[in-house]
Every structure is written in structure tokens, then in C-alpha cells.
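Listed below are the residues making up each chain.
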Amino acid sequence: VAQIYLTYSLLKEGRGETVLRALIAAGVFVAVVAIYIYLAQVFDLWEPPRTRLGTSGGEQIVKFSYAFHRAMGTFREPSHLAEWLVVPFFLAILSRGLRRSQQGTAIGLAILLTGSLTGIAGAVCGLVAAVLLLNPLRLQNIKVLAWLALMATVAYAGFNIFAVAYSSGHTDIIQVLEERIEPILSGKGMHGTNRDYCYEYLDTVPIPAFGEGLGNANLRFTEYLDLPVVSS
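All of these numbers come straight from a predicted model, not from anything done at the bench.

Asks: Explain helix 6 (residues 139-162) to me, please; I cannot follow it from the model alone.
Replies: Count 3.6 residues to each turn of an α-helix, and residues three or four apart come out pointing the same way. With 24 residues, helix 6 should reach 34 Å at 1.5 Å per residue; the first-to-last C-alpha distance of 35 Å fits that figure. Looking only at helix 6, the buried set comprises Asn-141, Leu-148, Met-151, Ala-155, Gly-158 and Phe-159.

Right, dumping it as C-alpha cells:
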């Protein structure tokens, strides 16, 4: 609530550019840290220690069942990092200037390295919707689209340089995303995702009208999955 009030007050005072710079700077910082941690994990360099609930006191895993190694930065999941970066990404790429374009490219690279279907597909769908709403045939919008295409190309080239495939995988991100989207569109819906067990639980266990109580949902879900540690 305080954050909403602070942002609203700054915008009302005409300090929108200050808010814009702060959000983009935060996005660039998080993206650069994520890219460094990604390289640190690949080349066995120093990285900040990470712990989380559900690891029995041990460190959190950083490898996932995926075609290539995924960036997760300081977040718990790669998808969380991607979702968090979408807003700074759009603010950067829709602003004028070479510096903002460089910042947008860095954030875009981090999003690609997450391999997150939610983050990448969400950004693409949002961009397409924005272009259609703002009339893509206008000369100004054509220039913006051309500049976006250039940034996307640079980010994609950077992804191909940094991304590291697992022994049985590859770094063709377009193919990876297609393989994840196909089961959803083929009729399985969300049951075709790698979180199918969550939707199975929702289908199997009735949801109480007033919920399970703060924190209890995790315990109920853990019992259902018969896990030795608390599930997220």
C-alpha cells in the first residue's frame, strides 16, 4: 500500500521520469546480477549463497528438467525472475535513446535466459497487443518496431552466446517453447504443463469457501503429494 501511495504521489507531482528511471535501473541491476549468476553457475565461479523453505536446511537447487540451463538470478524460480523483469523491459524498450535500448536489450537477454514460457510468451503477447492498439502502420510506430526488432536480434544473439545446453538438450529456445506450448494447445490445457500435478490437485480436492488458512494450503498440498518436506 505504501509503495502504491508513493508511486502515485510522485506521478501526481510530475516526477514520472524519476519513477521510470528507478524502475528501469532496478530491472537492469536484477538482469545483470542474473546474467552473472548464470555464468557463475556454468563456470563454477562465486555466487551468492541461496536457501529457501522446503530444502531441509540445504541450498536451493539451481538446475531444472529443461533443455538448457536457466537463469534464475536472486529469485526462487526462473519464471519469477522473468515475470518481474517484464515491466522494466517494456519501460526500457518503449523509451527513446541508445542508453535505454541497451538497457532493454540487457533485460531482454535475462528474460530469454530464464526460458520462461510465462515471461516470454507474456511479453510477446503484450507487445503484439500494444502494436495493434497503437496502429502499426503509423510511421512512428514502424520506426519503433524496427528498433525493437534490432534489440530482439541482439538479445537473441546474446542468448545463443551465453546459453548452455544440458547433455541431452539444446539451446533452440523457439523449439523449446513450441514443445511446451504444443501440449497446452493440443487439448490437454494446463494439464499439459510441467505443473500438471497442481491442476490435478485442484480438480481432486475441493476448495473450502474460506480457504485453508495462512500457510495451511502448503501443508495440505504436501500431504497430497506425500512429500517429506513442505511443498511450495
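We are not done yet, so read on.
Asks: I keep staring at the nonpolar core and nothing clicks. Help me out?
Replies: Residues Leu-113 and Phe-159 are the most contacted members of the largest nonpolar core, which totals 38 residues. Sorting the residues of this core by element identifies helix 2 (16-43), helix 3 (78-93), helix 4 (98-114), helix 5 (117-133), helix 6 and helix 7 (173-188) as the ones contributing at least two each. With sequence-adjacent residues up to four places away left out, Phe-159 is seen in contact with Phe-68, Leu-109, Leu-112, Leu-113, Thr-171 and Ile-173.

Asks: What am I meant to see in the packing of aromatic side chains here?
Replies: How two aromatic rings sit relative to each other is given by the distance of their centres and the angle of their planes. Taken as a whole and judged by the stated rule, the model has eight aromatic pairs. Ring centres of Tyr-156 and Phe-159 lie 6.5 Å apart, and the angle between their planes is 20°; this geometry places the pair in the stacked category. Of the two residues, Tyr-156 and Phe-159 both sit in helix 6, three residues apart, roughly one turn of that helix. Residue classification places Tyr-156 among the partly exposed residues on the basis of a relative accessible area of 33%. Seen in terms of ring centroids, Tyr-197 and Phe-221 are 6.1 Å apart; in terms of plane orientation they differ by 10°. Their pairing is stacked. Of this pair, Tyr-197 sits in helix 8 (residues 196-204) while Phe-221 sits in helix 9 (residues 216-225), and the two are 24 residues apart along the sequence. Of the residues examined, Phe-221 reaches a relative accessible area of 8% and is grouped as buried. Aromatic ring contacts, followed pair by pair, group Tyr-66, Phe-68, Tyr-156 and Phe-159 into a single cluster.

Asks: Honestly, a nonpolar patch on the surface in this entry has me stumped. Any pointers?
Replies: A cluster of nonpolar side chains, contributed by Tyr-36, Phe-43, Leu-45 and Trp-46, occupies part of the molecular surface with about 490 Å² of accessible area. Tracing the sequence through the fold places Leu-45 in the loop between helix 2 and helix 3.

Reading guide: rules and limits
Residues numbered from 1 in each chain as written. Predicted model: local features only at pLDDT ≥ 70, side-chain atom pairs only at ≥ 80, totals over all residues. Heavy atoms only, no water. Helix = DSSP H or I, 4+ residues; strand = E, 2+ residues; numbered from the N terminus. Expected span 1.5 Å × (residues − 1). Buried < 20%, exposed > 50% of the residue type's maximum accessible area, 1.4 Å probe, protein only. Core = buried A, V, L, I, M, F, W, Y, C linked by side-chain atoms within 4.5 Å. Contact = heavy atoms within 4.5 Å. Phe/Tyr/Trp six-rings, centres within 6.5 Å; stacked < 30°, edge-to-face > 60°. Patch = residues over 30% accessible without salt bridge, like charges linked within 9 Å, V, L, I, M, F, W, Y side chains within 5 Å. Areas by Shrake-Rupley, 256 points an atom, 1.4 Å probe, with all protein chains shown as cover. Salt bridge = Lys/Arg side-chain N within 4 Å of Asp/Glu carboxyl O.

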